[in-house]
Each structure stands twice: as C-alpha cells, then as structure tokens.
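Residue strings, one per chain:
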Amino acid sequence: MADTHRINFEPVDIDMEVREDESILDAAFRQGIHLMHGCREGRCSACKSFVLDGDIQMENYSTFACNESEVDEGFVLLCRTHAYSDCTIELLNFDEDELLGGLPIQDVTTRVVAVESMTGDIVSLRLAPTAPEGFQFKAGQYADLHLPGTEETRSFSMASTPSSPGDVEFLIKKYPGGKFAALLDDGISVGDEIALTGPYGSSTLKDGHVLPVVCIGGGAGMAPILSLVRHMSETSNPRPVHFYYGARTPEDLFYIDEISEVGRGLTDFAFIACVSDAAGAQGSGSLSFEEGNVTDVVRRLEPGIAKSEVYLCGPPPMVDAALELLDVCGTPKDQVFYDKFTSPAFD
Ligand SMILES: Cc1cc2nc3c(=O)[nH]c(=O)nc-3n(C[C@H](O)[C@H](O)[C@H](O)COP(=O)(O)OP(=O)(O)OC[C@H]3O[C@@H](n4cnc5c(N)ncnc54)[C@H](O)[C@@H]3O)c2cc1C
Ligand code: FES
C-alpha cells in the first residue's frame, strides 16, 4: 500500500489526501474535488498550479505546458504531479461552483448505436449507455473511450447534450494511422460494446454569467461547441452567441442545417463558417462562408471580443493561435475556456 500525504489547497482552504502512486489531480477526482483541468496528460497547462510547500515530483509532461524556468520557480501540472510529503498548493485558476459541485466520474458500459460519416474524415459515433442506462455530463465536457481489448483510452468531447443521457454523440476526426481511427474504419459495428469513463473537462457554461458568447472551433472541435449551443438553445438561454467554425475546404463543412435550426432557439445567434482553402470551390447554393483561417476571420469580425466569454476547441495550433489573438485583444483570461485536442502521439 502506497504512503499517503495531506494536501492543502490555497486560497480555497480545501484539504484532501493523496497516495504516492496517484497524481494529485486523480486524487482530487477520487475525493469529489474538481480542479481545473484539460488533457490530463501534461500537455495543455490547464491544471498549472504553484507549490508553496512540500516535496513533489512531476513526470511525463510537455515543456510547452510547463517550461523549465516555471518548474524551477515551483509551478507544477497537477495531472502529472505526485506528492512525497504533506504539501500546500496554490490553485492559480479554479471555479468555485465546480470545485465541490462537479459531477462524479462514472464508468459506463455502452453499445454502439450509429457510426456515420459526416465529411471525408469526420465520423459521428453514437453510443447508448447500458450500465448504468444514462451518462451524466455537462455541455462542453469530454469522456475517455476505451480501445476494446487494451488498457488505452482516447478522449472525445460530447456533441450531444445532458438532456439525452441515453444517446451520447461524439464527432471524431480520423487521422491516418490512428488507433481509434482504425477502429471506426472496420473495428466496430452497431451493437458492439465500448466502455466510457467521464465526464472530464472544465469548458462548461458557467451559471449566472451574462456576457455574450463567442465560440471558435476547428475540425472535430465542432463537438463540444455544438453541445454548448444545443444546450443553450434547449434551455432558452438569452445570451448572444457567435459561432465561428474553421474548416479547410467547403467539403469539410457539416451539420450546417442542424446549426441553423439550433440557432432559431437562441435570441441573437450567428454561425460563421470559415474556409482556409476555398480554391476551386463552386460557391454553390445556400452554403456561404468567409475565406481565411478561423482566427483571422474572428480578428476581422469580432472587434468587441474583449467583452465576451470565449470557448475554443480543436487542434492545438488553432487553439494556440486563438489564445494569442485573445491576449492581443485584451480578453481577460478568466473569460476564456478551451480544450486542446492533444494526442498521446505528440508532445
Ligand atoms: C480534452 C480532449 C478532447 C478531445 N476531443 C476530441 C473530439 O471531440 N474529437 C476528436 O476527433 N478528437 C478529440 N481529441 C483527440 C483524441 O483524443 C485523439 O487524440 C485523436 O482522435 C487521435 O486518436 P487516434 O487513436 O485515432 O490516433 P493515435 O493512435 O493517438 O495517433 C496515431 C497517429 O495519428 C495522427 N494524429 C493523431 N492526432 C493528431 C493530431 N492532433 N494532429 C495530427 N495528427 C494526429 C498522427 O500521425 C499519430 O502518430 C480530444 C483530445 C483531448 C485531450
Ligand atoms: S496539463 Fe494537466 S490537464 Fe492538461
């Protein structure tokens, strides 16, 4: 049995215990304490905190998430940190409502209900929980799907909403050579079992906030944003929403009609499709889009973004470019929520 130590979190004055063989983030989840987090793999920096006192070690993390001089100063990524004495840790970023009020992590058995191609490389995967018969999550969160017959998991954001806990949709980009991608090509069929663990993620809609919402997504980053806008529409949320979606070509755009329909349930909704490679596009029918990459289009069309709450999801280069833009525009960090779709294959 591994030794245990006590952790005190400041400035919230919450105590918990941690075993030496678990990360501080996992120990917190186990005890119902929901610290800020993103990837849970040392790649995104969402869990970055400061050690005020105690003996810790960090392992397997990206220096992009926490660089050497930060480590020397005492910054740590809690998802990759083990404690070897009692510690006091300062949380740099936390959500008071979530801290003790987050949903418990659930282990759920599901069955595949549908596997449907949306574009050349994005697939909609729908799962029906069977034990228990529903999966509770908040719009904007993600779950770990287990690769059958292995210990490996991949994280995917829910595109559906908490109102359908028995029919959970994911939008998954297939990378050539990807293990989960291969599963979608010919490894799973309707009726097969897939285990799911979650929910994880801190990019949820905050109760009581009133600022206009700007969503910026790229590729499969459509998923959590669709969940957020679907949820806002279902709950008649009165906040204005501008949804910018970046795709490479017009053929990579999908769910356009569905998004217009969702927008009808909102008071002030705009969907702006952005296409970075429009060469050869037919410019046909009702499909209209802005040319350029999504960050440049946001820079052009959202002069008031400093006074908005911003949700970002998609590939790391897109999220990094958008974070840079928001910094230049002066959007306060506590108005920005993001999930970088990092992969275990990259550091
Ligand atoms: C919080 C979070 C939420 C996520 N949500 C989603 C989601 O909703 N939808 C979704 O599709 N993905 C999402 N991801 C990414 C997902 O978890 C996988 O990493 C990704 O789908 C690749 O899995 P794979 O098993 O197919 O490929 P892997 O077997 O992990 O990788 C094999 C190869 O695929 C290629 N590859 C993998 N990822 C990338 C990349 N980002 N860029 C370029 N090449 C790559 C590389 O060639 C790599 O060597 C999320 C990740 C995180 C951390
Ligand atoms: S670096 Fe810890 S959650 Fe991403």
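Split into domains, the protein chain comes out as domain 1 (4-99), domain 2 (106-200) and domain 3 (213-346). The centre of domain 1, based on its C-alpha atoms, is set 28 Å off from the matching centre of domain 2. Between domain 1 and domain 2, the buried area comes to about 440 Å², and carbon and sulfur atoms account for 32% of it. Contact with domain 2 buries surface across domain 1, with His37, Arg40 and Glu98 losing the most and accounting together for 71% of the total. With a closest N to O distance of 2.4 Å, Glu98 and Lys138 form a salt bridge. A class-by-class count of the residues in the side of domain 1 that touches domain 2 yields two nonpolar, two polar and two charged.

Let's shift gears to the state of the cysteines. Applying the stated rule across the entire model yields zero disulfides. Considering cysteine sulfurs only, Cys47 is the nearest to Cys87, which forms no disulfide, with 15 Å between them. With no disulfide partner, Cys329 has as its closest neighbouring cysteine sulfur the one in Cys274, 15 Å distant. Taking the relative accessible area as the measure of exposure, Cys329 reaches 33% and is therefore partly exposed.

Within the structure shown, the criterion is met by 23 salt bridges. Linking Glu22 and Arg19 is a salt bridge whose minimum nitrogen-to-oxygen distance equals 3.7 Å. You can call Glu22 buried: its relative accessible area is 7%. Classification of Arg19 by relative accessible area gives partly exposed; the value is 24%. Where Arg230 meets Glu169, a salt bridge forms, and the shortest distance between an N and an O atom there is 3.1 Å. Of this pair, Arg230 sits in helix α5 (residues 222-234) while Glu169 sits in strand β12 (residues 168-173); the two residues are 61 residues apart in sequence, bridging distant segments of the chain.

With that out of the way, let us pick up the pairing of strand β19 (residues 336-340). Taking burial as the measure, the five residues of β19 include four buried ones, the bulk of the element. Direction of pairing for strand β18 (residues 309-314) relative to β19: parallel, over a ladder of five bridges. In the sheet register, Cys313 faces β19, and the bridge partner there is Asp339. Tracing the backbone out of β18, into helix α8 (residues 316-329) and back to the parallel element β19 gives a crossover that is right-handed.

Around ligand 1 there are 25 residues in total, and Arg154, Ser155, Leu171, Lys173 and Phe180 lie nearest to it. Interatomic distance of 2.8 Å between a side-chain N/O atom of Arg154 and an oxygen atom of ligand 1. Surface burial for ligand 1 is 84%, taken as the share of its 950 Å² of free accessible area covered by protein chains. Ranked by residues supplied to the shell around ligand 1, first place goes to strand β11 (residues 153-157) with four residues.

Sheet topology places strand β10 (residues 142-146) next to β11; five bridges connect them, and they run antiparallel. Bridge assignment links Ala143 to a residue of β11, and that residue is Phe156. Hairpin connection, β10 to β11: the antiparallel pair is bridged by six residues, and Gly149 has positive phi, about 80°.

With that settled, consider the nonpolar core. If you look at the biggest cluster of nonpolar residues, it comprises 30 residues, and the most contacted ones within it are Leu171, Met222, Phe243 and Tyr245. Of all the secondary-structure elements, those providing two or more residues to this core are β14 (213-218), α5, β15 (241-247), α6 (256-263), β16 (269-275) and β18. Looking at which domains feed residues into this core, each of domain 2 (106-200) and domain 3 (213-346) gives three or more. Those residues within four positions of Phe243 in sequence are excluded, and the remaining contacts are Cys215, Met222, Ile225, Val229, Ile259, Phe269, Ala270, Phe271 and Ile272. Counting 29 residues, the second-largest nonpolar core is a separate cluster that includes Phe9, Ala27, Ile89 and Tyr200.

About the criteria used
Residues numbered from 1 in each chain as written. Chains lettered and ligands numbered in written order. Predicted model: local features only at pLDDT ≥ 70, side-chain atom pairs only at ≥ 80, totals over all residues. Heavy atoms only, no water. Domains from an automatic or database assignment. Buried area = accessible area lost by both parts, 1.4 Å probe. Salt bridge = Lys/Arg side-chain N within 4 Å of Asp/Glu carboxyl O. Nonpolar A, V, L, I, M, F, W, Y, C, P; charged D, E, K, R; others polar. Disulfide = S-S within 2.5 Å. Buried < 20%, exposed > 50% of the residue type's maximum accessible area, 1.4 Å probe, protein only. Helix = DSSP H or I, 4+ residues; strand = E, 2+ residues; numbered from the N terminus. Pairing = 2+ DSSP bridges. Right-handed = clockwise from strand over helix to strand, strands pointing away. Near = heavy atom within 4 Å. Polar contact = N/O pair within 3.5 Å; in protein donor to acceptor, adjacent residues only side chain to side chain. Areas by Shrake-Rupley, 256 points an atom, 1.4 Å probe, with all protein chains shown as cover. Core = buried A, V, L, I, M, F, W, Y, C linked by side-chain atoms within 4.5 Å. Contact = heavy atoms within 4.5 Å.

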